[in-house]
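Coordinate analysis (summary)
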Amino acid sequence: IAGISKRLHFPNKAVKTILYCVSTLPILRNRGSASDATFRRIVANPDFDLLLELYRLDSALSPSGLTGYRFLKNFSKKYRKEGLLPDPWITGHDILRLGMKPGPVFKSLLKKCYDAQLNGKFKNKSALAAWLADEAKCG
């Protein structure tokens, strides 16, 4: 898709939007396997409204109808009110204080912490920090 778009001299922003929509649509079709964190990131994307309309058209042709579209629309309304992507409770500095060194595991742990926060796995930063301390001991 990127190659065709560039050959047709689409602007870079249009190519980026097309690639985002095409790569995200399968996630929406299989929404049962995606987490709240995944959906929050999707809704926070600047091209979400275009993706939502594309998903509406795609859903209208599917056997399940507009069920998935309605789910995503309600999800976006709920989290747009609450704030889609709040500041992370745990930062790299928190992980460094536990004695961990930067690297692939560090980055993975940081993502796990933020996903857990977005998914509502922990009530507050303290609970997440306690979990992180246990993970750092095991890792």
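Conventions and cut-offs
- Residues numbered from 1 in each chain as written.
- Predicted model: local features only at pLDDT ≥ 70, side-chain atom pairs only at ≥ 80, totals over all residues.
- Heavy atoms only, no water.
- Axes fitted to C-alpha atoms, helices over the stretch in contact; angles between N-to-C directions.
- Helix = DSSP H or I, 4+ residues; strand = E, 2+ residues; numbered from the N terminus.
- Parallel < 35°, antiparallel > 145°, perpendicular 65-115°, else oblique.
- Contact = heavy atoms within 4.5 Å.
- Nonpolar A, V, L, I, M, F, W, Y, C, P; charged D, E, K, R; others polar.
- pLDDT = per-residue confidence, 0-100.
- Phe/Tyr/Trp six-rings, centres within 6.5 Å; stacked < 30°, edge-to-face > 60°.
- Buried < 20%, exposed > 50% of the residue type's maximum accessible area, 1.4 Å probe, protein only.

It is worth spelling out the packing of helix α3 (residues 36-44) against helix α7 (residues 104-118) at this point. Between α3 and α7, whose axes approach to 8 Å, the crossing angle comes to 90 degrees. Relative to α7, the element α3 is oriented roughly perpendicular. Where α3 abuts α7, its residues Asp36, Ala37, Arg40 and Arg41 lie against Lys111, Tyr114, Asp115 and Leu118. Of the residues assigned to the contact of α3 with α7, the class counts are three nonpolar, no polar and five charged.

Right, let's talk about the confidence of the model for the chain for a bit. Taken residue by residue, the chain gives an average pLDDT of 86. The fraction at 70 or more is 96%. For the chain, per-element mean pLDDT is lowest for helix α1 (residues 2-7), which scores 77, and highest for helix α4 (residues 48-60), which scores 93.

Going through the model one piece at a time under the given rule, you end up with four aromatic pairs. Geometrically, the ring pair formed by Phe39 and Phe75 is tilted, given 5.6 Å between the ring centres and 55 degrees between the ring planes. Of this pair, Phe39 sits in helix α3 while Phe75 is found in helix α5 (residues 67-82), placing the two residues 36 residues apart along the sequence. Judged by its relative accessible area of 7%, Phe75 is buried. Measuring from ring centre to ring centre gives 5.8 Å for Phe122 and Trp131, while their planes differ by 45 degrees; the resulting arrangement is tilted. Of the residues examined, Trp131 reaches a relative accessible area of 19% and is grouped as buried.

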